[in-house]
Each structure stands twice: as C-alpha cells, then as structure tokens.
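# Structure assessment
In case you want the letters, here they are:
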Amino acid sequence: MKRAEGTRPRTIERYRSIAERHLLPALGRRRLDKLTPTDVRRLLSAKTSEGLAATTVRHVHAVLRNVLGDAERQDLVIRNVARSVRPPARRPVERRSLTLAEARVLLDTIADDPLEAMWLCALTGGLRRGEVLGVRWQDVDLDTSVVRIRQAVQRTDTGVVVTELKTDRSRRTVPIPVRTAAALKTHRAAQAEQRMSCPIPWPDTDWCSPPRSARHSNRGTSTGHGTSCGAGPGSIGCGCTIFATRVRRS
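Within every chain, residues take consecutive numbers counted from 1 along the sequence as written. Side-chain atom pairs in this predicted model are given and counted only at pLDDT of 80 or more, local residue features only at pLDDT of at least 70, and totals for whole chains, interfaces and linings cover all residues. Derived side-chain values reflect all non-hydrogen atoms in the structure, with water molecules and hydrogen atoms excluded from consideration.

### Thoughts on the sheet that holds strand 5 (residues 172-175)
Hydrogen bonding along the main chain pairs the strands of a sheet, whether they run parallel or antiparallel. On the basis of which strands lie adjacent, the open sheet formed by three strands has the order 1-2-5 and antiparallel pairing. Looking at the sheet topology across the chains shown, the edges are occupied by strand 1 (140-141) and strand 5. For two strands to be treated as a pair, DSSP must find at least two bridges joining them. Helical segments are the DSSP runs of H or I of at least four residues, strand segments are the runs of E of at least two, and each set is numbered from the N terminus. Inspection of the sheet shows strand 2 (residues 146-149) paired to strand 5 by four bridges, in the antiparallel sense. The residue bridging Ile-149 from the neighbouring strand is Arg-172, located in strand 5.

### Comments concerning the layout of surface pockets
One number sums up the size of the largest pocket: a volume of about 420 Å³. Here a cavity means grid points, on a 1 Å grid over the protein atoms only, where a 1.4 Å probe fits yet cannot get out; a pocket means an open set of points with protein on both sides within 12 Å along at least five of seven lines; lining residues are those with an atom within 4 Å of a point. Around the largest pocket, the lining is made up of 17 residues, and of these Arg-8, Arg-10, Arg-128, Gln-154 and Lys-166 lie nearest the centre. Those elements giving two or more residues to the lining of the largest pocket turn out to be helix 1 (9-27), helix 6 (129-133) and strand 3 (152-156). Lys, Arg, Asp and Glu make up the charged group, whereas Ala, Val, Leu, Ile, Met, Phe, Trp, Tyr, Cys and Pro make up the nonpolar group; the residues left over, Gly among them, are polar. The class makeup of the residues in the lining of the largest pocket is four nonpolar, five polar and eight charged. Each domain span listed reflects an automatic or database assignment of domains. Among the domains, domain 1 (9-84) and domain 2 (100-211) are the pair contributing at least three residues each to the lining of the largest pocket. Quantified by volume, the second largest pocket comes out at close to 290 Å³. At the level of secondary structure, the elements contributing two or more residues to the lining of the second largest pocket comprise helix 1 and helix 3 (54-73). Considering every element that reaches the lining of the second largest pocket, the biggest residue donor is helix 1, with seven residues. Grid points are joined across faces, edges and corners, and a volume is the space filled by probe spheres set on the points.

### Observations regarding the pattern of salt bridges
Salt bridges are defined as contacts in which a side-chain nitrogen from Lys or Arg sits within 4 Å of a carboxyl oxygen from Asp or Glu. What the rule picks out here adds up to eleven salt bridges. In this structure, the salt-bridge partner of Glu-72 is Arg-83, at a minimum N-O distance of 2.9 Å. With Glu-72 in helix 3 and Arg-83 in the loop between helix 3 and helix 4 (100-110), this residue pair connects regions lying eleven residues apart in the sequence. Judged by relative accessible area, Arg-83 falls into the exposed class, the value being 51%. For Asp-141, the salt bridge goes to Arg-148, with nearest N and O atoms at 3.9 Å. The cut-offs for exposure are 20% and 50% of the maximum accessible area for each residue type, with area from a 1.4 Å probe on protein chains only; residues under the lower value are buried, those over the upper are exposed, and the others partly exposed.

### Quick word on helix 4
For helix 4, the set of buried residues is Ala-103, Leu-107 and Ile-110. Around the axis of helix 4, the buried residues are gathered within 75° of arc, so they sit on the same side. Facing away from the buried side of helix 4, by more than 90 degrees, are the exposed residues Ala-101, Arg-104, Val-105, Asp-108 and Thr-109. One or two positions beyond helix 4, positive phi appears at Asp-112, with a value near 65°. Within this analysis, the arc is defined by the directions that extend from the helix axis to the C-beta atoms.

### Let's talk about the packing of helix 4 against helix 5 (residues 116-125)
Running from amino to carboxyl end, helix 4 crosses helix 5 at an angle of 160°, the nearest separation of the two axes being 10 Å. Considered as vectors, helix 4 and helix 5 are oriented roughly antiparallel to each other. Once helix 4 is placed against helix 5, the crossing between them reads as left-handed. Touching Ala-103, Leu-106, Leu-107 and Ile-110 of helix 4 are Glu-116, Trp-119, Leu-120 and Leu-123, all from helix 5. Residue classes in the contact of helix 4 with helix 5 are distributed as seven nonpolar, no polar and one charged. Angular values range over 0 to 180 degrees, each being the angle between N-to-C directions of two axes fitted as lines to C-alpha atoms, with helices fitted over their stretch in contact. Our angle categories are set so that under 35 degrees counts as roughly parallel, over 145 as roughly antiparallel, 65 to 115 as roughly perpendicular, and the remainder as oblique. We call a crossing left-handed when the near helix sits turned anticlockwise from the far one by less than a right angle, and right-handed when that turn is clockwise. Contacts between residues were defined by any pair of non-hydrogen atoms, one from each residue, lying within 4.5 Å.

### Some remarks on the pairing of strand 4 (residues 159-163)
The buried fraction of strand 4 is high, at four of five residues. Where strand 3 and strand 4 come together, five bridges link them in antiparallel fashion. Following the sheet pairing, Val-153 is matched in strand 4 by Val-162. Hairpin connection, strand 3 to strand 4: the antiparallel pair is bridged by two residues.

Encoded structure:
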C-alpha cells in the first residue's frame with residue numbers, strides 16, 4: 001500500500017524494520033481493534049526507558065499511527081488510537097558543515113581519485129549521495145556549467161533503484177565551479193574510452209557515476225549502481241564497471 005502511494009523504497013524498508021524490531025515484539029499478539037491509547041503510551045514509555053533516542057521513539061509512534069490509519073480506512077478499527085497520544089518532543093539537531101580548511105583537505109585528498117567527480121559534485125554543489133548517483137550525462141551541461149537534479153538512486157535490500165526526488169524543490173539546477181566541470185569532462189572522456197575498450201557489449205545507459213564506485217559501497221563512500229564485467233587472471237572481461245545493469249525504477 002505504501003509503495004502504491006509513492007513512498008520511497010528506503011522509507012518502506014525503514015517502516016518494515018521499525019515494525020519488526022519494535023512493534024511486533026510488543027504488540028504482535030494484540031488485536032488492532034483492542035489497542036488503547038494506554039497501550040500506545042506504555043509502548044513509547046518502554047522504548048524511552050530502553051534508551052532509544054527521542055527521534056527513534058517518534059518514528060516508532062509514526063509507523064504505528066500509519067498502520068492504524070490504514071486499518072481505520074479499511075474499517076478494521078473504529079479509531080486510530082495512536083493519534084490521541086503525543087510522542088516525545090523533537091530535539092533540535094545541530095548540523096555541522098565542513099570548515100574551509102576541512103574542505104581544502106578533502107579537495108587535496110580526492111585529487112585524481114576515480115571518485116573525484118562524484119566528490120566534487122557533492123562538495124561544490126551541495127548534492128546528496130543519492131542525487132549524485134542519479135545524475136545522467138543528459139543532466140549535465142558543461143557549456144553553461146550546470147547540473148540538473150531530476151532523480152535519485154538508492155540502495156535497498158532488493159537492489160539498487162531509481163527514485164523520484166522527495167519534493168518539487170529538490171528538482172533544481174545547480175551551478176558548478178570550473179574544477180567540478182573539468183573533472184566531469186575528464187570522467188566522461190575516460191568513461192567513453194572504457195566503453196570502447198570493453199570486450200563485451202556495454203549497456204546503453206547514461207549514468208555519470210564514476211567507474212568502480214560499486215567496489216567502494218561497503219566503505220560508506222558511495223552506492224555504486226554497476227557491476228564489474230570481470231577482472232583478474234582467468235576471468236572474462238576487462239575489469240571495468242558496467243553501469244546500471246542492476247538498476248530498476250521504484
């Protein structure tokens with residue numbers, strides 16, 4: 001149901017995780033139409049006592065409220081008892097950006113790295129990881145030095161998927177500085193050369209994500225949406241990264 005309403009795949013996975021870890025152990029044996037506001041308060045109080053952060057407890061409450069809301073719309077319960085219970089107050093989170101000195105260190109560190117173009121797009125354009133991975137060459141205009149953000153790429157339990165952006169404001173045109181434009185131009189040329197030298201058919205894709213990004217995904221640096229065509233002695237292929245062979249749309 002949530003997928004039909006346009007909820008992002010990662011959000012659905014988060015809902016499922018919260019239900020399995022927090023809701024089912026506590027309420028799984030209770031009939032939904034027998035739940036009371038007191039049951040909900042006890043659940044939230046217990047989660048707070050377990051040491052869960054206020055934000056996590058709010059997420060538990062939100063998922064339960066959504067579940068009961070669906071049940072109410074299907075006439076499985078008379079009312080959504082979670083709506084009458086206030087979750088813990090949201091605590092403000094202080095977000096810190098890189099200092100100028102830290103940004104310079106990062107720029108020096110990524111120089112000539114295979115992921116340099118990705119890092120530069122994120123750093124100089126303020127792009128999220130999923131937005132960077134969702135950029136296609138048709139979204140890049142090197143003549144005017146802009147990148148158009150039109151979609152995102154996410155890793156889920158079932159693979160890598162292309163998703164819509166969260167809001168209309170997320171669809172935007174981002175100006176990029178000279179260094180970022182130059183890195184993208186260099187990467188596009190390298191990707192074209194790689195495509196020509198690959199001994200097996202290259203998929204007809206338009207992704208800009210840097211080569212070999214899939215190999216870095218377990219380090220938390222990127223979520224590649226490609227797979228190696230084969231590398232090393234005795235293998236078939238040249239070891240390059242073939243893009244979007246496992247990407248699907250949500």
